[in-house]
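Structural features, examined
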Amino acid sequence: GEDVEQSLFLSVREGDSSVINCTYTDSSSTYLYWYKQEPGAGLQLLTYIFSNMDMKQDQRLTVLLNKKDKHLSLRIADTQTGDSAIYFCAESIRGYQKVTFGTGTKLQVIP
Amino acid sequence: DAGVTQSPTHLIKTRGQQVTLRCSPKSGHDTVSWYQQALGQGPQFIFQYYEEEERQRGNFPDRFSGHQFPNYSSELNVNALLLGDSALYLCASSLSGTDTQYFGPGTRLTVL
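Residues numbered from 1 in each chain as written. Chains lettered and ligands numbered in written order. Predicted model: local features only at pLDDT ≥ 70, side-chain atom pairs only at ≥ 80, totals over all residues. Heavy atoms only, no water.

This next bit is on the environment of asparagine 71 of chain B. All names here are of chain B. You can see asparagine 71 is positioned in the loop between strand E7 (64-68) and strand E8 (74-78). Taking the C-alpha atoms as reference points, asparagine 71 and lysine 26, separated by 45 residues in sequence, lie 11 Å from one another. Among the polar contacts made by the side chain of asparagine 71, one reaches the side chain of serine 73 at a distance of 2.7 Å. (Helix = DSSP H or I, 4+ residues; strand = E, 2+ residues; numbered from the N terminus. Polar contact = N/O pair within 3.5 Å; in protein donor to acceptor, adjacent residues only side chain to side chain.)

Right, dumping it as structure tokens:
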């Protein structure tokens with residue numbers, strides 16, 4: 001079955017880059033997602049990558065995928081205080097729309 | 001273009017009661033999934049509805065049931081509430097054949 005793991009907490013200074021890491025277990029055709037959740041709110045889809053890709057960039061966000069190690073990372077360039085939130089890594093197997101989430105990484109941005 | 005909407009925002013119930021939560025999918029989406037997010041945890045998949053039928057189900061007891069209407073909106077019903085059912089319930093919609101789900105703001109359920 002699928003299993004997704006993340007570190008629980010990350011603290012960075014405003015203006016620095018943040019890198020949030022995730023490992024996943026399923027190696028079949030997979031979509032990998034990054035969601036953002038602010039306090040008391042639902043989940044906002046930030047970006048996603050298919051498992052046959054190595055990298056995807058979208059403005060300040062860069063997703064890197066190491067398929068050999070089943071390691072996914074999200075880099076946020078020029079981190080702002082508004083980026084403070086919990087970031088969830090998630091995966092789904094193509095054709096099975098259940099999404100499996102990690103426990104989330106709380107990003108704290110220090111002004 | 002309205003995103004996914006859920007109602008109510010907050011709900012307080014007592015043990016043993018029953019609750020119904022509602023979800024309207026994003027315009028153009030035909031598939032609705034429900035997730036339970038306990039405090040400090042990631043969301044856990046409950047089930048998914050497509051063409052008014054339950055298509056996939058997670059590891060949740062039969063006390064959790066759902067329904068999808070012809071307009072693609074959906075309800076989640078939970079019977080015989082337990083204290084452990086207190087959580088944020090999230091609805092996500094998607095278009096069948098795609099793999100990207102968009103989430104609503106959630107319903108915060110508190111069971112006393």
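For the structure shown, the criterion picks out 2 disulfides over all chains. The disulfide partner of cysteine 22 of chain A is cysteine 89 of chain A, and the gap between their sulfur atoms is 2.0 Å. Between cysteine 22 of chain A and cysteine 89 of chain A the disulfide shows an S-S torsion of about -60 degrees. By sign, it is left-handed. Taken as a pair, cysteine 22 of chain A in strand E3 (residues 18-24) and cysteine 89 of chain A in strand E9 (residues 85-93) lie far apart in primary sequence, 67 residues in all. For cysteine 22 of chain A, a relative accessible area of 1% gives the class buried. The residue that forms a disulfide with cysteine 23 of chain B is cysteine 91 of chain B, at a sulfur-sulfur distance of 1.7 Å. Across the disulfide from cysteine 23 of chain B to cysteine 91 of chain B, rotation about the S-S bond amounts to roughly -55 degrees, and the bridge is consequently left-handed. Here cysteine 23 of chain B, found in strand E3 (residues 19-24), pairs with cysteine 91 of chain B, found in strand E9 (residues 87-94); they are 68 residues apart in sequence, far enough to count as distant. Cysteine 91 of chain B carries the same exposure label as cysteine 23 of chain B, and that label is buried. (Disulfide = S-S within 2.5 Å. Buried < 20%, exposed > 50% of the residue type's maximum accessible area, 1.4 Å probe, protein only.)

Residues and elements named next belong to chain B. Burial of E8 is extensive: 5 of the 5 residues sit out of reach of the surface. Every second residue of E8 is oriented toward a common face, with Ser74, Leu76 and Val78 on one face and Glu75 and Asn77 on the other, all of them buried. Sheet topology places E3 next to E8; 5 bridges connect them, and they run antiparallel. Residue pairing in the sheet places threonine 20 in a bridge with asparagine 77 of E8. Direction of pairing for E7 relative to E8: antiparallel, over a ladder of 5 bridges. Across the sheet, the residue bridging to serine 65 is asparagine 77, located in E8. (Pairing = 2+ DSSP bridges.)

So, on to the sheet that holds strand E1 (residues 5-7) of chain B. All names here are of chain B. Here 4 strands make up an open sheet; going across it, the order is E1-E3-E8-E7 and the pairing antiparallel. Only two strands of the sheet have a single neighbouring strand rather than two, namely E1 and E7. Strand-to-strand twist across the sheet, computed as the mean angle between neighbouring axes with direction ignored, equals 20 degrees. (Axes fitted to C-alpha atoms, helices over the stretch in contact; angles between N-to-C directions.)

A separate point is the packing of aromatic side chains. Tallied over the full model, the rule gives 14 aromatic pairs over all chains. When the centroid spacing of 4.7 Å and the interplanar angle of 50 degrees are considered together, the rings of tyrosine 31 of chain A and phenylalanine 50 of chain A count as tilted. Pair noted here: tyrosine 31 of chain A is in strand E4 (residues 30-37) and phenylalanine 50 of chain A is in strand E5 (residues 43-50), with a separation of 19 residues, a long-range link. With a relative accessible area of 14%, phenylalanine 50 of chain A lands in the buried category. With a centroid separation of 5.3 Å and an interplanar angle of 50 degrees, the aromatic rings of tyrosine 35 of chain B and phenylalanine 103 of chain B are classed as tilted. Pair noted here: tyrosine 35 of chain B is in strand E4 (residues 31-37) and phenylalanine 103 of chain B is in strand E10 (residues 102-103), with a separation of 68 residues, a long-range link. Each member of the pair, tyrosine 35 of chain B as well as phenylalanine 103 of chain B, is classed as buried. (Phe/Tyr/Trp six-rings, centres within 6.5 Å; stacked < 30°, edge-to-face > 60°.)

Everything listed is a geometric property; what it means functionally is a separate question.
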